[in-house]
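Structural features, examined
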Amino acid sequence: MNITNLFKLAISSLFRNKMRTLLTMLGIIIGIASVIAMVSLGQASTKNVQSELSSMGSNMIMIMPARQMRGGVNMGNASSKSLDENDLKSLKNNTVYVAKVSPMVATSKQLVYGSNNHPCSINGVSEDYLDIRKYSLKSGIMFSEEDVKRYAKVCVIGQTVVNELFTNGEDPIGQVVRFGSIPMTVIGVLAPKGQNQMGEDQDNIVFAPYTTIQKRFSGINYFNMIFASATSEEESEMAATEITYILRSNHGIKTGSNDDFEIRTQEELVSSINSINKMLTMLLAAIASISLIVGGIGIMNIMYVTVTERTKEIGLRMAIGARNSDIKMQFLTESIILSLIGGIIGIFFGLILSYGVSKLLNWPFVISQKAIVISFLVCAFTGIFFGWYPAKKAANMDPISALRYE
Amino acid sequence: MSNEILKIEKLERVFRVGSEDVHALRGVSFTVQSGEFVSIMGTSGSGKSTLLNILGCLDTPSSGEYIIDGVSVKSLSKNELSELRNRKIGFVFQNYNLLARTTALENVELPLIYNKDVPAKERRDRAVAALRLVGLEERMDHTPNQLSGGQQQRVAIARALVNDPVIILADEATGNLDTKTSYEIMSLFQDLHGQGKTIAFVTHEPDIANFTTRKICLRDGQIIEDKPIVPLSAIKALEEISKMPTE
């Protein structure tokens, strides 16, 4: 029997039991659809993170003081005071691949305006910080180098802060807000950035000159972090090397000793978030593939029923000259077609599902070709694997007793 | 043109049931010449079904020789037996064994699907020709449930003819039919016999056997009678029952 005949035969016998065929396919459809949806949503999430990171500044470099061990106790990240004004100056003046540098001193205070107050973190930064972090201003201006030099009591605030404090709809520019006891003039409002990947509100923020924070609030002379931007994304590794060299020589670290600071480029952040996302995607796909196995068992079950039901037909076919292999191929083709058609429908539904969800979450819609190809192969394999035993059972029937079967 | 189609010699078939050996056939020998219309008679348990299975290459003898159209069956593999059934034998069963929800034409085409040498176009032509031969050309698009018992058996006979077999094996082919329809089917068989087909007809009804040209009677796995007879005409028999008053 040739392939055309096998195919026709399988299609016509599947059509004879439309409802049963549909229900059997449903298992495969659900299995494949969920695998496809999970994988493409996982990839969409990865892509989403990537685009968000590049909106944060893909050439951004973070420099943090290293963890300090005090008597064997790890004091946590950024616990040392190794970064200071001197480092900032060297990074500004002695580098080739570093475009901009801004320190950051973080504190948090209750903000008061009129009868409203709002808890908020205040970051002391330099005038270049907005460029490095890809923030832009909605209105007003950023403070200048001059403001930094003279510890000016000015600040730039985020949209959430505006909403919380200026409830009467007044223009925040030029208004004076109090940070604890210190009054500061609002000179700029940031354009909203929304939540980041971790769900943090990036607009609940206040920027002030770092000198102001150091001298007027915290009374310190070190930085919590230094942000820098490489001249381009490709050069961020070079910039990191450069920074390492400068900081080591500034801090007098001998060859062979560990750095007393830590440098993170976005590349590392991206790859670590990507690997988490990948793991989650794999996990979801693994869970989804369980339903695929259940679907496959459904096929096997129905194929067994079909074979028993059609014992007489099998006997007749053998009597008129079908070889055992013909019978086996007949039922195998049926189960393969069953799972392949189910698979195609499943891929279709999976794409619709992931399209819907990604629209809902405002994620990019990703079609994972790899997932589609793999699902297709899995379907074919499912058809063969779960169709094999029923087909073999059919092929091994004795024609005489099959003909007599009632 | 009188050559040997079938030749069986000292055919034995032993089944093992539990710890006991059951001898279904005990040394059966006969030959069938081309163009014969043989009836094989016997009560149930006489071994006629076993004999038919062996003649149909569905079963192999425990000992003895079976030669069909010059081929010794004894040494053939399963696949070779399948091919032999496909090319040389046409089966007609008591319960027709047509595929449900499949048209008469497709049912008749079935044996040719398993014959690689027959292309799709020729398959259809031959199936139509076979249906014409049994007088069902008009109904080739009907499915079995749209056909009467007699018509279904005609489709089955067309299916047995389509591969141009050397012998047609009929197993109680009239067993499910009323007398009139039985006679119609027998008349069809007589027509086919008239056209030179070789037919072996297994039955337990003596009046059906009377339409054949040779009677072989089996009892307890042995031939007790094997004689040529002058066949009755099925058409005449049909005329007679049509004269009888209907109740």
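Position labels on residues start from 1 in each chain and follow its written sequence. The order in which chains are written sets their letters, starting at A; the order in which ligands are written sets their numbers, starting at 1. Only residues with pLDDT of at least 70 are given local features in this predicted model, and only at 80 or more are side-chain atom pairs given and counted; all residues enter the totals for whole chains, interfaces and linings. Each side-chain value is worked out from all heavy atoms of the structure, with water and hydrogens disregarded.

1. Focus: the overall build of chain B
A run of H or I in DSSP counts as a helix once it spans at least four residues, and a run of E counts as a strand once it spans at least two, with each numbered from the N terminus. Within chain B, the regular secondary structure consists of eight helices and 10 strands. It is over C-alpha atoms that the radius of gyration is taken, and the globule rule equals 2.2 Å times the number of residues to the power 0.38. For 247 residues, the compact-globule estimate of 2.2 N^0.38 gives 18 Å, and the C-alpha radius of gyration of chain B, at 18 Å, lies within 12% of that figure. Projected onto its principal axes, the C-alpha coordinates of chain B cover approximately 50 × 50 × 40 Å. Categorising residues by exposure relies on relative accessible area from a 1.4 Å probe, with only protein chains included: less than 20% of the type maximum marks a residue as buried, more than 50% marks it as exposed, and the intermediate range marks it as partly exposed. The buried share among the 247 residues of chain B stands at 53%.

2. Examining the interface of chain A and chain B
Contacts between residues were defined by any pair of non-hydrogen atoms, one from each residue, lying within 4.5 Å. At the interface, 21 residues of chain A touch 25 residues of chain B. Between chain A and chain B, a total of about 2,200 Å² is buried, with carbon and sulfur atoms accounting for 53% of that surface. Buried area: the accessible area, evaluated with a 1.4 Å probe, that two parts lose upon being put together, summed over both parts. On the chain A side of the contact with chain B, Arg-16, Leu-316 and Ile-320 of chain A bury the most area, a combined 28% of that side's loss. Any Lys or Arg side-chain nitrogen located within 4 Å of an Asp or Glu carboxyl oxygen qualifies as a salt bridge. Counting every contact that joins chain A to chain B gives zero salt bridges. In the analysis that follows, any N or O atom pair within 3.5 Å is treated as a polar contact, provided that within protein one partner can donate a hydrogen and the other can accept it, and provided that, for residues neighboring in sequence, both atoms belong to side chains. The interface formed by chain A and chain B includes six residue pairs in polar contact (both at pLDDT 80 or more). Counting residues per element, the side of chain A that touches chain B draws most heavily on helix α10 (residues 311-319) of chain A, at six residues.

3. Re the pairing of strand β6 (residues 89-92) of chain B
Residues and elements named next belong to chain B. A two-sided burial pattern is seen for β6, the buried positions comprising Ile-89 and Phe-91 on one face and Gly-90 and Val-92 on the other. Sheet analysis places β6 next to strand β7 (residues 167-171), joined by four bridges and oriented parallel. Within β7, the residue paired with Gly-90 across the bridge is Ile-168. Strand pairing is assigned whenever DSSP identifies at least 2 bridges connecting the two strands.

4. Details of the packing of aromatic side chains
Residues and elements named next belong to chain A. Only Phe, Tyr and Trp rings are paired, with Trp represented by its six-membered ring, and only when their centres lie within 6.5 Å; those with planes under 30 degrees apart are stacked, over 60 edge-to-face, the remainder tilted. Across all of its chains, the model carries 15 aromatic pairs over all chains by this definition. Judged by centre distance (5.4 Å) and plane angle (85 degrees), the ring pair of Tyr-210 and Phe-223 falls under edge-to-face. Of this pair, Tyr-210 sits in helix α7 (residues 210-218) while Phe-223 sits in the loop between α7 and β11 (225-230), and the two are 13 residues apart along the sequence. A residue is classified by how much of its surface remains accessible, and Tyr-210, at 5% relative accessible area, is buried. Looking at Phe-223, the relative accessible area reads 0%, which means it is buried. Chaining the aromatic ring pairs together yields one cluster made of Tyr-129, Tyr-135, Phe-207 and Phe-227. Of note, Lys-193 hangs over the ring of Tyr-135, and the distance from its end group to the ring centre comes to 4.3 Å. Two conditions define a charge sitting above a ring: the NZ of Lys or the CZ of Arg must be within 6 Å of the ring centre, and it must be within 35 degrees of the ring normal.

5. Considerations on the domain arrangement of chain A
Note that domain bounds follow an automatic or database assignment of domains. Taken domain by domain, chain A holds domain 1 (3-52 + 272-404) and domain 2 (81-259). Taking only C-alpha atoms into account, the centre of domain 1 of chain A sits 56 Å from that of domain 2 of chain A.

6. Structural notes on the nonpolar core
Residues belong to a common nonpolar core when they are buried Ala, Val, Leu, Ile, Met, Phe, Trp, Tyr or Cys residues joined through side-chain atoms within 4.5 Å. Membership of the largest hydrophobic core comes to 64 residues, with the highest contact counts inside it found for Ile-63 and Phe-207 of chain A. Among residues more than four places away in sequence, those in contact with Ile-63 of chain A are Leu-83, Leu-91, Met-225, Ile-226, Ile-243, Leu-247, Phe-261, Glu-262 and Ile-263 of chain A.

7. Re a negative patch on the surface
Each patch is built from salt-bridge-free residues with over 30% relative accessible area, joining like charges within 9 Å and nonpolar side chains (Val, Leu, Ile, Met, Phe, Trp, Tyr) within 5 Å. Per-residue and other accessible areas were derived by the Shrake-Rupley procedure at a 1.4 Å probe size, with only the shown protein chains allowed to occlude residues. The charge count includes Lys and Arg as positive and Asp and Glu as negative, but it does not include His or the ends of the chains. Each charge is placed at NZ for Lys, CZ for Arg, CG for Asp and CD for Glu. A surface patch of like charges, here negative, comprises Glu-233, Glu-234, Glu-237, Glu-267 and Glu-268 of chain A. Tracing the chain through its elements places Glu-268 of chain A in helix α9 (residues 266-309).

8. A short note on the packing of α10 of chain A against helix α11 (residues 324-360) of chain A
All names here are of chain A. Packing of α10 against α11 leaves a shortest axis separation of 10 Å and a crossing angle of 140 degrees. As the angle between them shows, α10 and α11 are arranged oblique. The crossing of α10 and α11 is right-handed. Residues Glu-313, Ile-314, Arg-317 and Met-318 of α10 lie in contact with α11, whose contacting residues are Asn-324, Ile-327, Gln-330 and Phe-331. Residues belonging to the contact of α10 with α11 are distributed by class as follows: four nonpolar, two polar and two charged. Every angle, taken between N-to-C directions, lies between 0 and 180 degrees, and every axis is a line fitted to C-alpha atoms, over only the stretch in contact when it is a helix. Roughly parallel refers to an angle under 35 degrees, roughly antiparallel to one over 145, roughly perpendicular to one between 65 and 115, and oblique to any angle outside these ranges. Left-handed describes a crossing whose near helix is turned anticlockwise from the far helix through less than a right angle; right-handed describes the clockwise counterpart. Charged residues are taken to be Asp, Glu, Lys and Arg, nonpolar residues to be Ala, Val, Leu, Ile, Met, Phe, Trp, Tyr, Cys and Pro, and polar residues to be all remaining types, Gly included.

9. With respect to helix α3 (residues 85-93) of chain A
Residues and elements named next belong to chain A. What α3 keeps buried is the set Asp-87, Leu-88, Ser-90 and Leu-91. Buried residues of α3 fall within an arc of 165 degrees about the axis and therefore sit on the same side. Considering only its buried residues, α3 is in contact with β1 (60-65), β4 (98-113), α7, β11 and α8 (236-250). Within this analysis, the arc is defined by the directions that extend from the helix axis to the C-beta atoms.

10. Examining the sheet that holds strand β1 (residues 4-17) of chain B
Residue and element names in this part refer to chain B. Here we have four strands laid out as an open sheet, ordered β2-β1-β4-β5, and antiparallel in their pairing. The sheet is open, and its two edges are formed by β2 (20-33) and β5 (71-72), each paired on a single side. Bridge count for β1 against strand β4 (residues 63-68) is five bridges, and the pairing is antiparallel. Within the sheet, the bridge partner assigned to Lys-7 lies in β4 and is Ile-67. Together, β1, β2 and β4 form the strand contacts of helix α1 (residues 48-55), whose direction differs from that of β1 by roughly 125 degrees.

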